[in-house]
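# A closer look at the structure
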Amino acid sequence: MLFSLTWLADYVDLPDAPEAVAARLTGAGHAVDKIEQRDGEVVFEVDITTNRPDCMNHLGLAREIAVLYDRPLRPPATLPAPGEPFELGPLGMAGVEIESPELCPRFAVRVIEGVTVGPSPDWLRLRLEAIGVRPINNIVDATNFVLHELGQPQHAYDLERVPEGRLIVRLARPGETLVTLDGEERLLEPDMLVIADRERAVGVAGVMGGLATEVTEATTTVLLESACFEPRGVRRTSKKLGLHTDASHRFERGVDPQLCARAAERAARLIAELGGGRVLAGGSDLVAVELPRPRPIELRTDRLDAIAGFPIAPADLERWLRGLGFAVELGAGPWLVTPPSWRVWDVERVEDLYEEAMRIHGFDDVPALLPALAGADAPELPAHRRRRLLRRELWACGLCETIHYAFHAPADDDRFAPLVAGGPIRLANPLSDRYSVLRRSLLPDLVETARFNQRRGATEIALFEIGGLFGAGELESVAVVLGGRPTSLWQQRQEHDFFDLQGVLDHLRAVAEVTWTLEPGEIPGLVRGAAAVVLDRDGRRVGHAGRVEDDDLAYPLFAAELLVTALGDLGAGLPEPVVAPSRFPGISSDLTVAHPVDLTWSELEAAVLAVRATGLAPDLKDYELKDRFAGPGVDAGRVHSTLSFHFAAADRSLTQEAVQRQHEALAEALRRRAEERAS
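Residues numbered from 1 in each chain as written. Predicted model: local features only at pLDDT ≥ 70, side-chain atom pairs only at ≥ 80, totals over all residues. Heavy atoms only, no water.

On the surface, a cluster of nonpolar side chains totalling about 190 Å² of accessible area is made up of Val179, Leu181 and Leu211. Tracing the backbone through its elements, the reader meets Leu211 in the loop between β12 (208-209) and β13 (221-228). With relative accessibility at 32%, the residue Leu211 sits in the partly exposed group. (Patch = residues over 30% accessible without salt bridge, like charges linked within 9 Å, V, L, I, M, F, W, Y side chains within 5 Å. Areas by Shrake-Rupley, 256 points an atom, 1.4 Å probe, with all protein chains shown as cover. Salt bridge = Lys/Arg side-chain N within 4 Å of Asp/Glu carboxyl O. Helix = DSSP H or I, 4+ residues; strand = E, 2+ residues; numbered from the N terminus. Buried < 20%, exposed > 50% of the residue type's maximum accessible area, 1.4 Å probe, protein only.)

In structure tokens, the structure reads:
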């Protein structure tokens, strides 16, 4: 919205530098977007927010400047001009009938006779042109001048074109049309408020007048309208007609309901001066329903200081509020502050008064201090804590976290087995087919990111992601992808394989202190014979792992996905205590077990853990699968697995006899497990 500094200077003394005024206005919530010169005039382009219609005029913005610089405001004179009494048709001095008072609570009119319509004087024409308003004639320009001076939209009718001088404010009739001032014929709807004479609509209330009653060069008597319309009704009508005007822009946001009569007096006197006419005495100011009135608000200065975070002098606060038009009643307790009529639409509660004080003080002048917060933060939710601990452990395994969109293409959704029940959920309004279904697995996007890095020369892939899955229910899972060869000088080793992937899962299982097993299985997206399902202690499938089935890979990728709920609460979440290694030497021993090929490592491990739990191998500190062999010398359908055990005690050196007893207990348990499977 454009404002002329010369025009503003009529109402308040301005500092010399326009940049200083612009900075103060911006700091008070009226952002000055641009300062420009127009035919010698300095013009501000100000972003007036929708809740401040009172500042969508020069007097309103001058009021803000007067308070910011503590200077007096000089409002324009709105005293009625002397004249002869007049009558308007059969309704006598009223001349106005309001049939829809809920949409038009107030309607004021004045009559100016003996006018001569012609060009406006230079001072008026230049004022309007400076703010982008096209001059039309002295009568219309006078109403536009008052609009941009006081903020009250008005409309001038040629009285001789209004039968009996009578105006009716009513709803449009079904099928009624009106040719507006822009020359367009518009079809009116029954919920649209119109200004009409006894025969037809002559204007769309709050939006635009009609062409049939416009002021022309032949006009000698002007009927001036200055009304108050309900904002929502004007907004609805303007939107349906696709017609946005200076008048509708202000009525939609709320015009001062007490301004109608004063603005009519101001415009009538100006029209008489510019057109050589005279204002007839009397006029009409019809109030159909009780107008909105501001309600007093209690204001505690100590509470304001607490909200602001710094003290505001009561004398300054009182001066600011009174300068903005608020009525302030001081007392021993809270202040009683009543907003002015032009702020009835946006100042309703004490927080609004706090905002007024803060913005006039200047947000840039608020000390850069954080307020003290009493009490502790809210406790961490279990799901957040588990996710945080899970990230910590995966980072410790050398993996990098990735984050993908929660939706992908249907083809990607079909690549890997989902861990969530139900079919894919399609988006009603997807960005594209590539992002049209909610994900049921993290692996499609994670594997695609791994392939993306492979194509760009990455020699090692170690990625993970934690995220939600969507189907019949919503679950959270964690996915891992490994591949390639570590490139650091101290990690001269072979490419990642399935055992590295299993090592990550085993680490999570150990940290979470939960039990699950890996069983061979066929998993979509994973190579047959190189895939396994993860089963919890109750035999429920909670994940899967294996080699990715994809021929377009620079090197093999191994992927796993696991429901986060399978990790429980992820242990205590505290770092494990550091335990110093025993100063006594330990003893290692190997054991080879012949067993059916379908006896899995998880079953062998369960037998080892059972022996340690019963106390038959109290000094067993560690164990691992050292080798598996199937070939010459081994019966068909069987395999030889070699396990390595390490025994140690913290308080003594172990004897060979003590270790032999524990070794035999482990061997007996493993042979028994192999025989049970063979039978």
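Picking up after the structure, the text goes on.
Another aspect to go through is the side chain of Ser477. Following the sequence through the fold, Ser477 ends up in strand β23 (residues 474-484). Non-local contacts of Ser477, meaning those with residues more than four positions away in its chain, are made with Leu442, Glu465, Ile466, Gly467, Leu469, Glu561, Leu562, Leu563 and Val564. (Contact = heavy atoms within 4.5 Å.)

Here we take up the pattern of salt bridges. Any two side chains of opposite charge can pair, given that their charged atoms come close. In total, this model carries 58 salt bridges according to the counting rule given. The partner of Asp552 in a salt bridge is Arg451, and the shortest N-O contact between them spans 2.7 Å. Here Asp552 is found in the loop between β26 (541-548) and β27 (557-563), whereas its partner Arg451 is found in helix α14 (residues 443-455), with 101 residues between them in sequence. Overall, Arg451 belongs to the buried group, its relative accessible area being 11%. Taking the shortest distance from any N to any O, the salt bridge between Arg672 and Glu668 comes out at 3.7 Å. Taken together, the residues span about one helical turn, with Arg672 and Glu668 both in helix α17 (residues 656-678) at a distance of 4 residues.

Spatial ordering of the open sheet is given by β16-β18-β17, a layout of 3 strands whose pairing is antiparallel. Every interior strand has two partners, whereas the edge strands, β16 (297-299) and β17 (327-329), have only one. Ignoring strand direction, the axes of neighbouring strands in this sheet form an average angle of 30 degrees. Judged from the 3 bridges that link them, β17 and strand β18 (residues 335-338) form a sheet pairing that is antiparallel. Counterpart to Glu329 in the pairing with β18 is Leu336. Packing against the sheet, helix α10 (residues 314-323) makes contact with β16, β17 and β18, and its axis sits at approximately 20 degrees to β18. (Pairing = 2+ DSSP bridges. Axes fitted to C-alpha atoms, helices over the stretch in contact; angles between N-to-C directions.)

Along the chain, the position of His155 falls in strand β6 (residues 155-158). A residue is classified by how much of its surface remains accessible, and His155, at 15% relative accessible area, is buried. If sequence neighbours within four positions are ignored, His155 has contacts with Leu181, Gly209, Leu223, Leu224 and Glu225.

Turning to the sheet that holds strand β29 (residues 620-629), a few remarks are in order. The strand order across the open sheet formed by 3 strands is β28-β30-β29, and the pairing between neighbours is antiparallel. Looking at which strands have only one partner, the edges of the open sheet turn out to be β28 (587-596) and β29. For this sheet, the mean angle separating the axes of adjacent strands, direction not counted, is 25 degrees. As judged from the 10 bridges shared by β28 and strand β30 (residues 638-647), these two strands associate in the antiparallel manner.

Let us now look at the confidence of the model for the chain. Detailed reading of predicted coordinates is not advised where the pLDDT is low. Overall, the prediction assigns the chain a mean pLDDT of 90, with 95% of residues at 70 or greater. Scored below 50 in pLDDT, residues 84-94 makes 32 contacts in the model with residues more than four places away or belonging to other chains. (pLDDT = per-residue confidence, 0-100.)

It is worth spelling out helix α15 (residues 498-512) at this point. Given a rise of 1.5 Å per residue, 15 residues ought to cover 21 Å, and the 21 Å separating the end C-alpha atoms of α15 matches this to within 8%. Those residues of α15 hidden inside the fold are in contact with α12 (382-396), β23, β24 (516-520), β26, β27 and α16 (601-613). Measuring from the side-chain oxygen of the N-cap residue of α15 to the backbone nitrogen of Phe499 gives 3.1 Å; that N-cap residue is Asp497. Remark: Glu513 follows α15 within two positions and exhibits a positive phi of approximately 55 degrees. (Expected span 1.5 Å × (residues − 1). Polar contact = N/O pair within 3.5 Å; in protein donor to acceptor, adjacent residues only side chain to side chain.)

A positive phi is found at Asp70, a non-glycine position, where the angle reads about 55 degrees. Tracing the backbone through its elements, the reader meets Asp70 in the loop between α3 (58-68) and β4 (96-98). Even without glycine at this site, Glu164 takes up a positive phi of about 60 degrees. With respect to the element layout, Glu164 can be found in the loop between β6 and β7 (167-171). Take Glu164: its relative accessible area is 37%, and that puts it in the partly exposed class.

A few words now on the nonpolar core. Residues Leu25, Phe44, Ile112, Ile139, Leu299, Ile312 and Leu317 are the most contacted members of the largest nonpolar core, which totals 72 residues. With 7 residues, α3 is the largest single contributor of residues to this core. Of all hydrophobic cores here, the second largest spans 35 residues; its members include Ile98, Tyr157, Val234 and Val255. (Core = buried A, V, L, I, M, F, W, Y, C linked by side-chain atoms within 4.5 Å.)

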